[in-house]
Amino acid sequence: MHRFFVPAELLANLAAANNSLITLPDKLAHQVRDVLRLGSGEQLVLLDNSGDEVLASVVKSNRAGVEVQVLERRAGKSESPVRIILCQGLLKSARFEWVLEKGTELGVAAFAPILCRRSMAGLEDTGPSRLQRWQRIIQEAAEQCGRSRLPELWPIRPLMHALNDIPPSALALMPWEEEHGQTLHATLASAPNPGNSQPITVVLFIGPEGGLMAGEVTLAQRYGVQVVTLGQRILRAETAALTAVANIMYEFE
């Protein structure tokens, strides 16, 4: 069933009872009517980023607009018991967008783009249109994979600021190709497993395309970040990010 995030105010006044009618925003109406060609009686799910989902049925679809009837408001899929904040060193556009898309599918809770010593010059100059594109990629990925809450997208910040903002009691990890002793697996195995009733926050630091410099790693360790290896092979930044996220989710979820 097709799922769409909509402005929260669109669903804010819905009563718990059924039979409420909603007129879809123009862009969504175009997608429902002209792209997906959903006809009268076909169902879709509307999401307002509250964690709930609203089941609705198309009752009118023409050039004047698309109107749906609310059938049910229900709890959506719960978020993972592990909250991953992915502090990703800025990458070239296509690779960073791939991390946003696949990271959303894997369950990342927040994306925090960071500037590192080896970040390519100019990547920090991200205008409103680029940020809107990033938000759209996250939203479409969340709709596709069945999430009922959108991952957060934080402003671009220097690495130092991200280190300063590590939440208390969070597990902070930094994969680095020069680390050969402490594995990600061993580090996760020794951490307390949160279970569904005891969430845990993991702050994951991934370097840019040129990798992290030794000084940055040393600085991170001063802030309590544990440096780990992902294995013998040197991975691209985007591969390292998703490999680490997948392993964290496997261990804790």
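Residues numbered from 1 in each chain as written. Predicted model: local features only at pLDDT ≥ 70, side-chain atom pairs only at ≥ 80, totals over all residues. Heavy atoms only, no water.

A. Up close: the overall build of the protein chain. In terms of regular secondary structure, the protein chain is built from 8 helices and 12 strands. Taken over the C-alpha atoms alone, the protein chain extends approximately 60 × 40 × 30 Å along its principal axes. Counting over 253 residues, the protein chain shows a buried share of 46%. Residue pairs in contact within the protein chain that sit at least 24 positions apart in sequence constitute 76% of those at least 6 positions apart. (Helix = DSSP H or I, 4+ residues; strand = E, 2+ residues; numbered from the N terminus. Buried < 20%, exposed > 50% of the residue type's maximum accessible area, 1.4 Å probe, protein only. Contact = heavy atoms within 4.5 Å.)

B. Main features of the sheet that holds strand β1 (residues 3-5). Taking strand neighbours across the sheet as the criterion, the 5 strands line up as β1-β3-β4-β5-β2 in an open arrangement whose pairing is mixed. The open sheet has two edge strands with one neighbour each: β1 and β2 (21-23). With direction set aside, neighbouring strand axes in the sheet form an average angle of 40°. Across 3 bridges, the pairing between β1 and strand β3 (residues 43-47) is parallel. From the neighbouring strand, F5 faces β3, where its bridge partner is L47. (Pairing = 2+ DSSP bridges. Axes fitted to C-alpha atoms, helices over the stretch in contact; angles between N-to-C directions.)

C. Structural view of the packing of helix α3 (residues 93-106) against helix α4 (residues 128-145). At a minimum axis separation of 8 Å, α3 and α4 run at an interaxial angle of 30°. Considering only the axes of α3 and α4, their crossing is right-handed. Each of S93, F96, E97, L100, E101, T104 and E105 in α3 lies in contact with α4, whose residues at this interface are R130, R133, W134, I137, I138, A141, A142, Q144 and C145. (Left-handed = near helix turned anticlockwise from the far one by under 90°.)

D. Looking closely at the pairing of strand β5 (residues 65-75). For β2 and β5, the ladder comprises 3 bridges, and the chain directions are antiparallel. Across the sheet, the residue bridging to T23 is E67, located in β5. Where strand β4 (residues 52-62) meets β5, 10 bridges bridge the pair, whose relative direction is antiparallel. The partner of K60 across the bridge, within β5, is E67.

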